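If you want the building blocks of each chain, they are given just below.
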Amino acid sequence: MGGSCGNGGLGAGWVVHHACVSLPDRGQTGLWDIAAEKVTDAEELCLLGERAMVRGLYRRAAGLWTRAVVAGSAEAGCKLLGFLPAIGQDSTPAAQWVAAHVPLDDMEEVMSLLPAMAATETREDDGWPDAYSVVHDPEKIPDGPDQADGEATGAVFVLADRIAAGLALNDASNVAAVLGTLRHVRTYGAATALLRRDPARHVDLGEPRGVAALLGTLRRARQHAQLAALLSRDPAGHVAMDDPGGVAWLLQILRDCGADDAAARLLARDPARTARLDRYGVAGLLEELHAAGDHAATAVLADRAVAMPLGDPDEAFAALECLHKVATHPAAGALASRIVADLKLDDPFEVACGLESLGRMGRHAEQAVLARRAVDGVPIGHHGVAWLLRSLHQLELHDHLRDLLARDPGGNLALDDPYHVDLMLLALRRVGARGAARELARRAAEQAPAHQLRHVHYLLIRLRKMRMLDQARLYGGRVAAEVSLAGSLECEAEDLDQLVGELRKIDAGDAADLLIRRATDAGVFWGFLQTRTPTDRERYRHGREPDGAPSPPWSWSAPR
């Protein structure tokens, strides 16, 4: 964040730092003026808007997010449209302006604006839950109700029309995602316009996942002409074959579409021999080959899967479960033996998932072998040991559970994250190790970090539920004095409200008051409001100025 902000602008890292550590009521008006004038990077403007909002500089936040939209940030548009109604302003003018002006460079980010805009508009059910889906020929699709009922000037429709007109048609995944979103927000006219651009004849056919997504979208929308046009280009003969998951998905979609000839052409390219095994999706391809009745190909891929690298435990166990499901028992047994013998134990969470997977398959002998390796070999200070404890308990592997507890996971747990401490406390209590849980709670109250606003809340709640109120008050006092506030984007009113509420539940009123004072001193507007009377709070309904004065009434206006 310390670099320059484009066009020779002031380093935004410097601005952000000083805007966050300096009190807004100590004459820092000039600092925010510099930020508004000099910072030009979209991401940094969006971040500064967050900082301003936390400090109660509502008018500045709206202005910074507006400039961020101009600079290309659709995320800032979402923040602006969510923020204005929250402070009692009509977001309609802003939504219309954002819809017309947000750059379309990052289409994935821009698409997130459509649901945000749709949520701000109240429309009666137009009776077209699947409006354009019943028409087979895009040339005959009537205008959707967004154009027929006089509401086509709404922000969501304006942006949808821009997206439909400006979307590049080469990426099948993007086209499918856009069509799905347009349909979801009921901008059927824009969906019609996009279909009239004939995307089926323009998308690249190299990525099997993209082709599968578009075929599925067109099928659900009953766009038979587009579906036929896409199939006529022989995607089965053009897609890359190295992604087993993508090929599996495409096989499934082709069968769902009734394109059996295309599915047969794809199978003829021998994906069982050509698909790479180091990417997630081998299990899916095994299942699809079996479902297609190609038992020879299933056997070939099963033999390859037995020898596949075990770098990704999720993939290995998914393939094993699929082999078990398709009844290739010799291959399944060989893979299971490899997994339990060679699986790395550095992540106890993945080991726990593997034990549960073996249990679902009834492979109790292999499960016992892996459990013994895990109990003796997992890094006992790893936070994932909490999941391993719970799995051993649920699987009724009592001897293994006893031996793992003997290694004292609670006493060895690194206290670097209160959330992980909370998980271990819960696991120890569930498996009946209440003494170990209480000892960990005492250690955590004295030593666990107290600076992470959201995570400390979890640990405080756990200590209260364990009825360890002395430890909860000790930790709560540390939190109130140490939790990071200045410049933290996590200083949201909801988080602070929850934390203060939890402190009051454990009768730590002094700590709650200290936290409010610290928040106020750090410039967090929530803390400032807690110290004011209802009359004063009403005066600050529109936010405050950098000098601390209440902001006069203002409303968002489009930049000139």
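The structure presented is a predicted model; accordingly, all values stated were derived computationally and were not measured.

Engineer: Hey, could you go over the layout of surface pockets for me, with residue numbers and the actual values?
Structural biologist: In this structure, the largest pocket encloses a volume near 440 Å³. In terms of lining residues, the largest pocket is bounded by 20 residues, among which Met 53, Tyr 58, Phe 83, Ile 87 and Ala 493 are the most central. Only helix 3 (42–54), helix 4 (58–71), helix 5 (74–86), helix 32 (493–505) and helix 34 (525–530) provide two or more residues apiece to the lining of the largest pocket. Tallying contributions element by element places helix 5 first for the lining of the largest pocket, with four residues. The computed volume of the second largest pocket comes to approximately 380 Å³. Lining of the second largest pocket is provided by 15 residues; of these, Arg 59, Arg 60, Ala 62, Gly 63 and Leu 64 occupy positions nearest its centre. Looking at the lining of the second largest pocket, the elements with two or more residues in it are helix 2 (29–38) and helix 4. The biggest single contributor to the lining of the second largest pocket is helix 4, with seven residues. Here the lining of the second largest pocket is built from residues that sort into seven nonpolar, four polar and four charged.

Engineer: Quick rundown of helix 32? Include the residues and the values.
Structural biologist: For helix 32, which comprises 13 residues, the first-to-last C-alpha distance of 18 Å matches the rise-based estimate of 18 Å (1.5 Å per residue) to within 8%. All of the buried residues along helix 32 are Asp 495, Leu 496, Leu 499, Val 500, Glu 502 and Leu 503. Mapping the buried residues of helix 32 onto a view down its axis gives an arc of 160 degrees, with all of them on the same face. What points out from helix 32, more than 90 degrees from its buried face, is the exposed set Glu 494 and Lys 505. Elements that come into contact with the buried residues of helix 32 comprise helix 30 (453–465), helix 31 (469–482), helix 33 (509–521) and helix 34. In the segment just after helix 32, Asp 507 is the residue with positive phi, at about 60 degrees.

Engineer: Requested: an account of the confidence of the model for the protein chain, with residues and values cited.
Structural biologist: Chain-level statistics for the protein chain give a pLDDT mean of 85 and a share of 87% at 70 or above. At the level of individual helices and strands, the protein chain shows its lowest average pLDDT in helix 9 (residues 145–148), which scores 40, and its highest in helix 26 (residues 398–406), which scores 97. Every residue in residues 23–27 scores below 50 in pLDDT, and together they form 19 contacts with partners more than four places removed in sequence or on other chains. In the model, residues 123–152 has pLDDT below 50 throughout and makes 76 contacts with residues more than four positions away in sequence or in other chains.

Engineer: Give me helix 10 (residues 155–166): which residues, what numbers.
Structural biologist: With twelve residues, helix 10 extends 16 Å from end C-alpha to end C-alpha; this agrees with the ideal 16 Å at 1.5 Å per step. Those residues of helix 10 that sit buried are Ala 155, Val 156, Phe 157, Leu 159, Ala 160, Ile 163 and Ala 164.

Engineer: Describe the side chain of Arg 390, with residues and values.
Structural biologist: Relative to the helices and strands, Arg 390 resides in helix 25 (residues 385–394). In this structure Arg 390 is buried but unpaired, with Glu 356 as the nearest side chain of opposite charge at 7.8 Å. Setting aside its immediate chain neighbours within four residues, Arg 390 contacts Leu 426, Ala 427 and Arg 430.

Engineer: Would you mind going over the pattern of salt bridges in detail, with residue names and values included?
Structural biologist: In this structure the tally under the stated criterion is 24 salt bridges. A salt bridge links Arg 273 to Asp 270, with the nearest nitrogen and oxygen atoms 3.1 Å apart. Residue Arg 273 is classed as exposed on the basis of its relative accessible area, which comes to 54%. Assessed through its relative accessible area of 27%, Asp 270 is described here as partly exposed. Here Glu 538 makes a salt bridge to Arg 541, at a shortest N to O gap of 2.9 Å. Connected through shared salt-bridge partners, Arg 372, Asp 376, Asp 399, Arg 402 and Asp 403 make up one network.

Engineer: Go over the packing of helix 10 against helix 12 (residues 188–196), please, and point to the residues and values.
Structural biologist: Relative orientation of the contacting elements helix 10 and helix 12 amounts to 5 degrees, with a least axis distance of 9 Å. Between helix 10 and helix 12, the angle is such that the two are roughly parallel. Each of Ala 160, Asp 161 and Ala 164 in helix 10 lies in contact with helix 12, whose residues at this interface are Ala 190, Ala 193 and Leu 194. Broken down by class, the residue content of the contact of helix 10 with helix 12 amounts to five nonpolar, no polar and one charged.

Engineer: Lay out the side chain of Arg 462 in plain terms, naming residues and giving numbers.
Structural biologist: Tracing the sequence through the fold places Arg 462 in helix 30. Residue classification places Arg 462 among the buried residues on the basis of a relative accessible area of 16%.

Engineer: Would you mind going over the environment of Asp 314 in detail, with residue names and values included?
Structural biologist: Mapping Asp 314 onto the fold places it in helix 21 (residues 313–325). Linking Asp 314 and Ser 357, residues 43 residues apart in sequence, is a C-alpha distance of 9.8 Å.

Engineer: If you had to explain the packing of helix 24 (residues 364–377) against helix 26 to someone new, which residues and values would you point to?
Structural biologist: Interaxial distance between helix 24 and helix 26 falls to 9 Å at its minimum, and their mutual angle equals 10 degrees. The angle between helix 24 and helix 26 places the two elements in the roughly parallel class. Touching Ala 368, Ala 371, Arg 372 and Val 375 of helix 24 are His 400, Asp 403 and Leu 404, all from helix 26. Residue composition of the contact of helix 24 with helix 26, by class: four nonpolar, one polar and two charged.

Engineer: Give me the lowdown on unusual backbone geometry, citing residues and values where you can.
Structural biologist: Its identity is not glycine, yet Asp 198 carries a phi of approximately 60 degrees, on the positive side. Note that Asp 198 resides in the loop between helix 12 and helix 13 (208–220). Its identity as a non-glycine residue notwithstanding, Arg 467 has a phi of 60 degrees, on the positive side. Structurally, Arg 467 can be placed in the loop between helix 30 and helix 31.

Conventions and cut-offs
Residues numbered from 1 in each chain as written. Predicted model: local features only at pLDDT ≥ 70, side-chain atom pairs only at ≥ 80, totals over all residues. Heavy atoms only, no water. 1 Å grid on protein atoms, 1.4 Å probe; cavity = no way out; pocket = protein on both sides within 12 Å on 5 of 7 lines; lining within 4 Å. Points joined across faces, edges and corners; volume = space filled by probe spheres on them. Helix = DSSP H or I, 4+ residues; strand = E, 2+ residues; numbered from the N terminus. Nonpolar A, V, L, I, M, F, W, Y, C, P; charged D, E, K, R; others polar. Expected span 1.5 Å × (residues − 1). Buried < 20%, exposed > 50% of the residue type's maximum accessible area, 1.4 Å probe, protein only. Arc of directions from axis to C-beta. Contact = heavy atoms within 4.5 Å. pLDDT = per-residue confidence, 0-100. Lys, Arg positive; Asp, Glu negative; His and termini not counted. Salt bridge = Lys/Arg side-chain N within 4 Å of Asp/Glu carboxyl O. Axes fitted to C-alpha atoms, helices over the stretch in contact; angles between N-to-C directions. Parallel < 35°, antiparallel > 145°, perpendicular 65-115°, else oblique.

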